[in-house]
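Topology and contacts: notes
Next come the chains, spelled out residue by residue.
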Amino acid sequence: MQQALVIETQRRHCVVQLDDGSRITCVSKGRQLQIACGDQVSVTRTNDNEGVVESIGERGSLFYRADAFKEKLVAANVTQVACIVAPLPAYSDELLNRWLVCAEASGVKAIIGLNKVDLVEAAATANALALYRDLGYEVIPFSAKFNHGPMRERLAGERSVLIGQSGMGKSKLLNALVGSEAQRTNEISEALDSGKHTTTFTRLFTLGGNDTWVIDSPGMQVFGLAHFSRNEIERAFPEFRDSIGQCRFRDCKHLHEPNCALQTLVADGKASGDRLSYLRKFCAEGEAVPLYARH
């Protein structure tokens, strides 16, 4: 049995990199073994190019999405979630908030990369993102086409997962960062893809040594938070964290209850009403999911 790093996943199949740098395709042993990019795994080699994942090592972090019916692992053992947005096409503010909440609740720091700063619309987008900068999230303006240096610098020394909607320029950024390595991975991926025209790959690349990872995730239009409790979601909003438990009623839903500490923050101009709306929505979604469906 050998130790390996998972560098690509698709359904029950994955590509792992062994300690000697060689790569083989593997299948997981049993359907209950859910593998994510970034996992350290134990594999049994069945031939020169294939193997079986027998077990998964202890995870330092796990970033994933879930709804009432299923969960989708995105990345394991990451230290940073890099949320990529752009002025055109317009990004979803709700999705951005979902990623930030998931990162906070998962104990992983988050940054926001503002791509396409060469566009005239970028100034308005930067102004909209000032809210998150004020909350302590670093916002990095860059251009995947003309100057990706600021993002490369911020990714250095971190194990990051890139997340974003389609059209945000995430693929262009990745190509600028890893170049020929992306093409090498594409060639390996063809064996897993089985001739399909669309892929759902998650891929891990190393930048300048094993201390820096970049995990590329597929473009996402939905991101459920059903695996978190109300308390976990509430505390994932930094501006409201110190006020949780200070409401008049212990079971306050922060809607129309009197003496709600969170509503008071918004009324006093110390917090965003939109952010409170997201908190309410995300909590309500989670409470609609039966406890037995959560992990």
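The structure under discussion appears in the preceding block.
One structure accompanies this document, and this report is about it. (Residues numbered from 1 in each chain as written. Predicted model: local features only at pLDDT ≥ 70, side-chain atom pairs only at ≥ 80, totals over all residues. Heavy atoms only, no water.)

Some thoughts on the packing of aromatic side chains
Applying the stated criterion across every chain yields a total of four aromatic pairs. Ring centres 6.3 Å apart and planes at 50 degrees place the aromatic pair Phe237 and Phe240 in the tilted group. Neither residue differs from the other here; Phe237 and Phe240 are each classed as buried. With a centroid separation of 6.4 Å and an interplanar angle of 35 degrees, the aromatic rings of Phe237 and Phe282 are classed as tilted. (Phe/Tyr/Trp six-rings, centres within 6.5 Å; stacked < 30°, edge-to-face > 60°. Buried < 20%, exposed > 50% of the residue type's maximum accessible area, 1.4 Å probe, protein only.)

Here we look at helix H2 (residues 122–134)
The α-helix winds at 3.6 residues per turn, so residues separated by three or four positions along the chain end up facing the same way. Relative to the 18 Å expected for 13 residues at 1.5 Å per residue, H2 spans 18 Å between its end C-alpha atoms, a close match to the ideal helical length. At Ala128, H2 shows its strongest bend, of approximately 35 degrees. Residues Ala122, Thr125, Leu129 and Tyr132 constitute the buried set of H2. Where H2 is buried, its residues meet strand E8 (80–85), helix H1 (93–105), strand E9 (109–114), strand E10 (138–141) and helix H9 (273–287). Residue Gly136 follows H2 closely and has a positive phi angle near 110 degrees. (Helix = DSSP H or I, 4+ residues; strand = E, 2+ residues; numbered from the N terminus. Expected span 1.5 Å × (residues − 1). Bend = angle between axes of the 7 residues up to and from the residue. Contact = heavy atoms within 4.5 Å.)

A short note on the side chain of Gln80
One can find Gln80 in strand E8. There is a polar contact of 3.0 Å between the side chain of Gln80 and the side chain of Arg154. Aside from chain neighbours lying at most four places away, what touches Gln80 is Val108, Lys109, Ile111, Arg154, Leu155, Glu158, Arg159, Ser160 and Val161. (Polar contact = N/O pair within 3.5 Å; in protein donor to acceptor, adjacent residues only side chain to side chain.)

A closer look at the environment of Val41
Mapped onto the secondary structure, Val41 falls in strand E4 (residues 40–45). The sequence separation of Val41 and Glu54 amounts to 13 residues, and the corresponding C-alpha distance is 7.4 Å. Once residues within four sequence positions are removed from consideration, Val41 is found in contact with Gln2, Gln3, Ala4, Val6, Val16, Val53, Ser55 and Ile56.

Quick look at the state of the cysteines
Within the structure shown, the criterion is met by zero disulfides. Here Cys283 stays free of any disulfide, with the sulfur of Cys252 as its closest cysteine sulfur at 11 Å. Residue Cys283 is classed as buried on the basis of its relative accessible area, which comes to 1%. (Disulfide = S-S within 2.5 Å.)

Read these as layout, nothing more, since geometry by itself doesn't imply function.
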